[in-house]
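# Geometric and topological summary
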Amino acid sequence: MTMSTTTATYQRRTKDQLAARVAQDIFDGAVVNLGIGQPTLVANHLPAGREIVLQSENGILGMGPAPAAGNEDYDLINAGKQPVTLLAGGSFFHHADSFAMMRGGHLDICVLGAFQVSATGDLANWSTGEEGAIPAVGGAMDLAIGAKQTWVMMDLLTKAGVSKIVKECSYPLTGIGCVKRVYSDLATIECTPDGLRLIDTVDGLTHAELEKLIGLPIAA
Amino acid sequence: MIDKIAPSIADAMTGIQDGATVLIGGFGTAGIPLELIDGLIEQGARDLTVVNNNAGNGETGLAALLKAGRVRKIICSFPRQVDSQIFDGLYRSGKLELELVPQGNLAERIRAAGAGIGAFFCPTGYGTELAKGRETREIGGKHYVLEYPIYGDVALVKAETGDRWGNLNYRMAARNFGPVMAMASKKTIATVHEIVELGALDPESIVTPGVFVKHVVKIDRVATQAGGFKKAA
């Protein structure tokens, strides 16, 4: 898919390409929690030869892929309530231990979706603050501040073309200064206390064009 | 002799008072003590405060307890789901109070109650709406919010195997909130699919020691059903 602007010479990363881009940065031996939704795709792209342990907030370490059709066991599900499997070496534990793993800094990486991320790494991903909406937070706030590194995986722009990387989040916050990196369909960007720093862009998208799309300075 | 095996769910349910706080285990499809929730509906206690990760799915279990008008307040992390219509209706019409708690805080507040902790400082939610107006403290350069325990009068827990001392094991991710809820409640009722002789459970791998459990009830083994799915990515 090309961008709608007539001058665009670049292509967005597809959801799978984005998942593969995230997976590429997950190191051998990492303990990782993949959030509900798009981040779960990362599991399909983990590079061969790396041993990566997936944690699920409902008390699983060493989570494996979905079972073959007919082998589902609904006592063995992920945080999105889909049936999964357990790898050799995997373990089960109760909820307080599971969240102790997060808060206690025992997870290396957590990958989450987001509505907005600020230049300094504030995250908004649990509520759009819509009047009358029923709130629900789940494990979002615990995950956001718990892992050694919190990565966000999202489209850079809303459907209306507005940047989801912002100076300050207008949606209710999930955590303050907690996002280290944003992996998006157009670029990979680091959030630092001093603002944004560029890691990469898709082919054909220049640094200057990206800054224009986001509307914020991005250090090289 | 200690014998925590209750002959029936109705027997185990006796004495649950109106206004009780009931901790109910389960996450998604796993570990929902459906039979005990049905027993609680039958028992008739009302004006309950219910603590669960969610707020009921479909028309059964917790949703049925809500529909029966027995619940005054729910403390949970994720009420809104595709099939949470019973909760949604009651909440929107102001008939049900909601306390929304981040999932890890929910688990740790329950654990704290069971462990005799008066309160604790937790980083989760600092600076967010859910921590508004709450006591905070900076410790070692990090910000924390003061969190209080959640005590249960009753806990309803689905376990797998148990014995007459109340020792319990669980099955896979059905463990979830069970162990901490059992610790935090005056009257913990657990269903099991199998009751074994004392000494048959491996003492090295008993998950909930019997001291936390009041009643164990054997129920038929029924495979956990699908349901409550979120849309796949």
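Check the entry above for the structure.
First, a word on what this report is: a plain description of the structure on this page. Keep in mind that this is a model prediction, so the values were computed, not measured.

### Thoughts on the overall build of chain A
- Looking only at helices and strands, one finds four helices and 13 strands in chain A.
- Each of the three principal axes of chain A carries a C-alpha extent, and together these read 50 × 40 × 30 Å.
- Relative to its full complement of 220 residues, chain A shows a buried share of 46%.

### What about the overall build of chain B?
- Looking only at helices and strands, chain B features six helices and 13 strands.
- Taken over the C-alpha atoms alone, chain B extends approximately 50 × 45 × 40 Å along its principal axes.
- When contacts within chain B are restricted to residue pairs at least 6 apart in sequence, those whose partners lie at least 24 apart make up 77%.

### Digging into the pairing of strand 11 (residues 187-192) of chain A
Residues and elements named next belong to chain A.
- As paired elements, strand 10 (residues 179-184) and strand 11 share three bridges and run antiparallel to each other. Within strand 11, the residue paired with Tyr 183 across the bridge is Thr 188.
- Counting the residues that bridge the hairpin from strand 10 to strand 11 gives two residues.
- With six bridges connecting them, strand 11 and strand 12 (residues 195-201) associate as antiparallel partners. Its bridge partner being in strand 12, Glu 190 is matched across the sheet by Arg 197.
- Connecting the antiparallel pair strand 11 and strand 12 is a turn made up of two residues.

### Overview of the nonpolar core
- Core analysis: the biggest nonpolar cluster contains 128 residues, and Val111(A), Val152(A) and Leu156(B) have the highest contact counts within it.
- The residues contacting Leu156(B), other than those within four sequence positions of it, are Val22(B), Ile24(B), Gly25(B), Pro33(B), Leu36(B), Ile37(B), Leu40(B) and Ile189(B).

### Thoughts on the sheet that holds strand 5 (residues 109-112) of chain A
Residues and elements named next belong to chain A.
- What the 10 strands build is an open sheet, ordered 4-3-2-1-5-8-10-11-12-13; its pairing is mixed. If you trace the sheet from one side to the other, it starts and ends with strand 4 (85-92) and strand 13 (218-219), each paired once.
- In the sheet, strand 1 (residues 31-34) pairs with strand 2 (residues 53-56) via three bridges, with the strands oriented parallel. Opposite Asn 33, over in strand 2, you have Gln 55 as the bridge partner.

### Some words on unusual backbone geometry
- At Lys81(A), a residue that is not glycine, the phi angle is positive and equals roughly 70 degrees.
- Looking at the element boundaries, Lys81(A) is found in the loop between strand 3 (60-64) and strand 4.
- The class for Lys81(A) is buried, based on 21 C-beta atoms found within 10 Å.
- Of note, Met172(B) is a non-glycine position whose phi angle comes to about 50 degrees, a positive value.
- Structurally, the position occupied by Met172(B) is in the loop between strand 10 (168-169) and helix 6 (178-184).

### Focus: the interface of chain A and chain B
- The interface of chain A with chain B comprises 37 residues on the first partner and 43 residues on the second.
- Mapped by element, the contributors of at least two residues to the side of chain A that touches chain B are helix 2 (95-103) and helix 3 (140-146) of chain A.
- With five residues, the single largest contributor to the side of chain A that touches chain B is helix 2 of chain A.
- Of the residues belonging to the side of chain A that touches chain B, the class tally is 19 nonpolar, 12 polar and six charged.

### Remarks on the pairing of strand 6 (residues 136-139) of chain B
Residue and element names in this part refer to chain B.
- Sheet analysis places strand 6 next to strand 7 (residues 142-147), joined by four bridges and oriented antiparallel. Across the sheet, the residue bridging to Arg 137 is Tyr 144, located in strand 7.
- Linking strand 6 to strand 7, which pair antiparallel, is a turn of two residues; within it Gly 140 sits at a positive phi near 60 degrees.

### Considering the packing of helix 2 of chain A against helix 5 (residues 103-115) of chain B
- Running from N to C, helix 2 of chain A and helix 5 of chain B cross one another at 120 degrees; their axes reach a closest spacing of 9 Å. In terms of orientation, helix 2 of chain A lies oblique with respect to helix 5 of chain B. Considering only the axes of helix 2 of chain A and helix 5 of chain B, their crossing is left-handed. Facing helix 2 of chain A, whose interface residues are His95(A), Ala96(A), Phe99(A), Met102(A) and Arg103(A), helix 5 of chain B presents Gln103(B), Gly104(B), Ala107(B), Glu108(B) and Arg111(B).

### So, the environment of Ala184(B)
Residues and elements named next belong to chain B.
- Following the sequence through the fold, Ala 184 ends up in helix 6.
- By the C-beta count within 10 Å, which is 25 here, Ala 184 ends up buried.
- As for Ala 184 and Ile 110, which are separated by 74 residues in sequence, their C-alpha atoms are 5.9 Å apart.

Parameters and conventions
Residues numbered from 1 in each chain as written. Chains lettered and ligands numbered in written order. Predicted model: local features only at pLDDT ≥ 70, side-chain atom pairs only at ≥ 80, totals over all residues. Helix = DSSP H or I, 4+ residues; strand = E, 2+ residues; numbered from the N terminus. Buried ≥ 20, exposed ≤ 12 C-beta atoms within 10 Å, placed from the backbone. Contact = placed C-beta atoms within 7 Å. Pairing = 2+ DSSP bridges. Core = buried A, V, L, I, M, F, W, Y, C linked by C-beta atoms within 7 Å. Nonpolar A, V, L, I, M, F, W, Y, C, P; charged D, E, K, R; others polar. Axes fitted to C-alpha atoms, helices over the stretch in contact; angles between N-to-C directions. Parallel < 35°, antiparallel > 145°, perpendicular 65-115°, else oblique. Left-handed = near helix turned anticlockwise from the far one by under 90°.

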